[in-house]
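# Commentary on secondary and tertiary structure
One letter stands for each residue in the lines below.
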Protein chains: 2
Amino acid sequence: MKTKIIRLLKNSDGFLSGENISDEFGVSRSAIWKYMNTLKEEGYKIESVPRKGYRLISSPDILTLEEVEEYMNTNFIGRNIHYFNSLSSTNTKAKGIAIQAKEGTIIVAEEQIRGKGRLGRSWTSPKGKGIWMSIILKPRVDPAKVAKITLIGAAAVNQGLKDIGIKSYIKWPNDIIIDGKKVCGILTEMSCELNMINYVIMGIGINVNLGREDFDDELIDKATSLKEVVGEEIDRKKLLAYVLNHFEELYIPFKESGDISKTIQVCRRESILIGKEVRIINGDTEKSGKVLGIDNEGQLIVEHGDGSIEELFSGEVSIRGMEGYL
Amino acid sequence: MKTKIIRLLKNSDGFLSGENISDEFGVSRSAIWKYMNTLKEEGYKIESVPRKGYRLISSPDILTLEEVEEYMNTNFIGRNIHYFNSLSSTNTKAKGIAIQAKEGTIIVAEEQIRGKGRLGRSWTSPKGKGIWMSIILKPRVDPAKVAKITLIGAAAVNQGLKDIGIKSYIKWPNDIIIDGKKVCGILTEMSCELNMINYVIMGIGINVNLGREDFDDELIDKATSLKEVVGEEIDRKKLLAYVLNHFEELYIPFKESGDISKTIQVCRRESILIGKEVRIINGDTEKSGKVLGIDNEGQLIVEHGDGSIEELFSGEVSIRGMEGYL
């Protein structure tokens, strides 16, 4: 009902009379009045003039479906948005509902109290300043192929940023880099049986409108935000929608036939690692080498000092000389 | 406290005076009396004689730590048993506590209302007649290696059965077979990031004392119980403990260095598939071939009709001519 009223207000040029709205939905005018008050509390600026009715002046900067959908062209990714003011972490929330949820359902929170990065690290997620979300996916593919989905996420964010005029780099397999600093990280988690995925949760955190003061000492040299990069506030709604649009476009061929060729093209073209000397940490082992490329399966091709070639499926990669940063 | 009283009663030959017990634990004699009543309600037969005290006549057939521990020689597997009279499924319960739980914690239920088999199938789990349990594991290995853990479970059940004098066969990768019928299934589920396991849940269901009436029409030709096989009731406590003992012995080398050589030895020696013509279903594809063996990584080696050799990491395998059964 609230959703319908917002849509009606948005699609209307001038005033909408309370009578018309109550006729449209078959509820009383005092019910309409109550809905309008709720919307005002949520940050909608609504002008109400006696005998004329209601008019939407402005919408709040929140990432609800009603606010994001006008920029979306997806069929199923993001068509169901569970929106929260505050969560411990969107991945944790997503896990709680994943079994029942439709594929493509997303969890969005304005802030995360315990935002998570990879390997148990924390992720700074201050209120209203980022896109903190998790996408629930249920691909019928072998669990061993799930690493590819992270690349789809990285490519989608990179392309979404391009749509709003921001050039970024992909640091295989799960980070987005601008000016040598991280603006986005992806945390893919999975629940599976031996040869069947129950669900995949892809957490995507994008530092949109954070200021210097939002990063603590540890992050100040390693992380940045889009606002810092371009010098002005970025429209989170558009960016979220654009990322979802690209995600669906890249995900559908993977889901249907395992095809990630478009994703790989993006990951190669926008890679920050190809050609670089890197260190690779995998569990307790550390190696160094030079990144030659990304193969058609999404694996990183690394040449070691002794001339041997290795294909990596996952791992922590840092550029030599920038350890601790990139 | 209850645990301590049970242990004291078990370790005592004759009567234990209420006074001695209350001195030992520093609680009142009426508190002791209340504990004894609780124990009686749980099925413990306790004789109480004025001026002599309490004596344990018999323990109930339940799978609590107090009842199972006397047969256990493990360090961490099963040293923490969460025991339930009834659960939806032990795997589901285990997932709910896995993040916080210590490795080796197990969930045991006397019955499962919605016991789960692989690929979303159901698993019949009537009250008090089986071992329905889930082991929580946290190996620091690559998620891709988790299939091997299922083999450890299968080998442990096979060896536990051997300890009580029952010969069984392992149907790679997750079933135990006697007389051509299933007596045990293993459902391994995992939560992971790309290169880090959060936890593994290994659900093990063993049909111990089920009768023909416990199997519905669909299962009657495919499943059996230990009681049916040997013609008498089997001690569930001993069997559970023996399975856990073998599990820990086989799991420790895997956890510490990825070594599953002992497990592979058992899986080869006790295999029902090696040498057989089989059909293999993996997702939407079906193939047939002859099983040549199990390699050192735990993969099934299959020779196809055209002479090509394939190593399988997982899959549904059925013996030709026995489809729908084995």
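Please read these numbers as outputs of a predicted model, since none were measured by experiment.

### Thoughts on helix 9 (residues 261-269) of chain B
- Taken as a whole, helix 9 of chain B has its buried residues at B:Thr263, B:Ile264, B:Val266 and B:Cys267. Across the axial projection of helix 9 of chain B, the buried residues extend over an arc of 160°, all falling on one side.

### Here's the deal with the pattern of salt bridges
- For the coordinates displayed, the defined rule picks out 53 salt bridges over all chains.
- One salt bridge connects A:Glu297 with A:Lys148, and the closest N-O pair in it is separated by 2.7 Å. Placement of A:Glu297 in the loop between strand 11 (285-294) and strand 12 (300-304) and of A:Lys148 in helix 6 (residues 147-163) is noted, with a sequence separation of 149 residues between them.
- The partner of B:Asp175 in a salt bridge is B:Lys182, with the nearest N and O atoms 3.5 Å apart.
- Classification of B:Asp175 by relative accessible area gives buried; the value is 8%.
- Each of A:Lys10, A:Glu67, A:Glu70 and A:Lys237 takes part in salt bridges that share partners, so that together they form one network.

### Thoughts on the nonpolar core
- Core analysis: the biggest nonpolar cluster contains 134 residues, and A:Met133, A:Ile206, A:Phe247, B:Met133, B:Ile206, B:Leu226 and B:Phe247 have the highest contact counts within it.
- Not counting residues within four places of it along the chain, the set of residues in contact with A:Met133 comprises A:Thr90, A:Ile106, A:Ile107, A:Val108, A:Met202, A:Gly203, A:Ile204, A:Leu240, A:Val243 and A:Leu244.
- Core analysis: the next-biggest nonpolar cluster, separate from the first, contains 13 residues, A:Met36, A:Leu39, A:Tyr44 and A:Ile62 among them.

### Comments concerning the side chain of B:Glu67
All names here are of chain B.
- Checked against the element boundaries, Glu 67 lands in helix 4 (residues 65-68).
- Classification of Glu 67 as buried rests on a relative accessible area of 1%.
- Excluding residues that lie within four positions of it along the chain, Glu 67 makes contacts with Ile 6, Lys 10, Tyr 44, Ser 59, Pro 60, Ile 62 and Lys 237.

### Some thoughts on the sheet that holds strand 13 (residues 309-312) of chain B
Residue and element names in this part refer to chain B.
- One open sheet holds the five strands; their spatial order is 13-12-11-10-14, and the pairing between them is antiparallel. Each having just a single partner strand, strand 13 and strand 14 (316-319) make up the two edges of the open sheet. Going from strand to strand, the sheet's axes swing by 45° on average, the running direction of each strand aside.
- Here four bridges tie strand 10 (residues 277-282) to strand 14, and the two strands are oriented antiparallel to one another. For Val 278, the partnering residue across the bridge sits in strand 14 and is Ile 319.

### A look at unusual backbone geometry
- Following A:Trp172, the chain continues to A:Pro173 via a peptide bond in cis, the omega torsion being 0°.
- Locating A:Pro173 in the fold gives a position in the loop between strand 6 (169-171) and strand 7 (175-178).
- Phi angles above zero are rare outside glycine, and A:Arg51 is one such case at about 70°.
- Residue placement: A:Arg51 occurs in the loop between strand 1 (45-49) and strand 2 (53-58).
- Accessibility expressed as a relative area gives 87% for A:Arg51, which makes it exposed.
- Look at B:Asp179: it is not a glycine, yet its phi comes out positive at around 50°.
- Structurally, B:Asp179 is set in the loop between strand 7 (175-178) and strand 8 (181-192).

### A closer look at the environment of A:Leu137
All names here are of chain A.
- You can see Leu 137 is positioned in strand 5 (residues 130-137).
- Along the primary structure Leu 137 and Val 266 are separated by 129 residues, whereas in three dimensions their C-alpha atoms are 21 Å apart.
- Ignoring sequence-local partners within four residues, the contact set of Leu 137 consists of Ile 77, Glu 103, Ile 149, Tyr 199, Val 200, Phe 247 and Tyr 251.

### Here's the deal with the pairing of strand 10 of chain B
- Bridge analysis of strand 10 of chain B against strand 11 (residues 285-294) of chain B gives six bridges, and the strand direction is antiparallel. By the bridge assignment for strand 11 of chain B, B:Asn282 is matched with B:Thr285.

### Looking at the relation of the copies chain A and chain B
- Once turned by 180° and shifted 0.0 Å along the axis, chain A lies on chain B with an RMSD of 0.0 Å. In short, the pair behaves as if placed about a two-fold rotation axis. When C-alpha distances to the rotation axis are compared across chain A, the minimum falls at A:Ser191, with a value of 2.2 Å.
- Most of the interface of chain A is mirrored in chain B, where 92% of its interface residues again form contacts.

### Description of the interface of chain A and chain B
- In this assembly, 26 residues from chain A lie in contact with 24 residues from chain B.
- Taking both partners together, chain A and chain B bury about 1,800 Å²; carbon and sulfur atoms supply 50% of that area.
- It is A:Glu193, A:Leu194 and A:Asn195 that lose the most area in chain A upon contact with chain B, and together they represent 36% of the buried surface on that side.
- Where chain A packs against chain B, one counts zero salt bridges.

### Remarks on the domain arrangement of chain A
- For chain A, the assigned domains are domain 1 (2-58), domain 2 (65-269) and domain 3 (277-319).
- Spacing between the C-alpha centres of domain 1 of chain A and domain 3 of chain A amounts to 57 Å.

### Points about the sheet that holds strand 10 (residues 277-282) of chain A
Residues and elements named next belong to chain A.
- An order of 13-12-11-10-14 is seen for the five strands of this open sheet, with the pairing classed as antiparallel. If you trace the sheet from one side to the other, it starts and ends with strand 13 (309-312) and strand 14 (316-319), each paired once. Strand after strand, the sheet turns through a mean of 45° between neighbouring axes, direction not considered.

### Quick word on the confidence of the model for chain A
- With 98% of its residues at a pLDDT of 70 or more, chain A shows a mean pLDDT of 93.
- With pTM at 0.83, the complex prediction returns an ipTM value of 0.72.

### Structural notes on the packing of aromatic side chains
- Scanning all chains against the criterion turns up six aromatic pairs over all chains.
- Ring centres of B:Phe247 and B:Tyr251 lie 5.5 Å apart, and the angle between their planes is 20°; on these two criteria the pair is classed as stacked. Residue B:Phe247 and its partner B:Tyr251 are located together in helix 8 (residues 236-257), separated by four residues, close to a single helical turn.
- B:Phe247 gets classed as buried once you look at its relative accessible area, which sits at 0%.
- An aromatic cluster of three or more residues is present, and its members are A:Phe76, A:Phe247, A:Tyr251 and A:Phe254.
- Just above the ring of A:Tyr169 sits the side chain of A:Lys167; from NZ or CZ to the centre is 4.6 Å.

### A closer look at the packing of helix 1 (residues 2-10) of chain A against helix 2 (residues 18-25) of chain A
Residues and elements named next belong to chain A.
- Packing of helix 1 against helix 2 brings their axes to within 12 Å, and their N-to-C directions diverge by 135°. By the criterion of interaxial angle, the relationship of helix 1 to helix 2 is oblique. In the crossing of helix 1 with helix 2, the sense of the turn from one axis to the other is right-handed. Each of Lys 4, Ile 5 and Leu 8 in helix 1 lies in contact with helix 2, whose residues at this interface are Ile 21, Glu 24 and Phe 25.

Parameters and conventions
- Residues numbered from 1 in each chain as written.
- Chains lettered and ligands numbered in written order.
- Predicted model: local features only at pLDDT ≥ 70, side-chain atom pairs only at ≥ 80, totals over all residues.
- Heavy atoms only, no water.
- Buried < 20%, exposed > 50% of the residue type's maximum accessible area, 1.4 Å probe, protein only.
- Helix = DSSP H or I, 4+ residues; strand = E, 2+ residues; numbered from the N terminus.
- Arc of directions from axis to C-beta.
- Salt bridge = Lys/Arg side-chain N within 4 Å of Asp/Glu carboxyl O.
- Core = buried A, V, L, I, M, F, W, Y, C linked by side-chain atoms within 4.5 Å.
- Contact = heavy atoms within 4.5 Å.
- Pairing = 2+ DSSP bridges.
- Axes fitted to C-alpha atoms, helices over the stretch in contact; angles between N-to-C directions.
- Least-squares fit on C-alpha atoms with pLDDT ≥ 70 in both.
- Buried area = accessible area lost by both parts, 1.4 Å probe.
- Domains from an automatic or database assignment.
- pLDDT = per-residue confidence, 0-100.
- Phe/Tyr/Trp six-rings, centres within 6.5 Å; stacked < 30°, edge-to-face > 60°.
- Lys NZ or Arg CZ within 6 Å of the ring centre and 35° of its normal.
- Parallel < 35°, antiparallel > 145°, perpendicular 65-115°, else oblique.
- Left-handed = near helix turned anticlockwise from the far one by under 90°.

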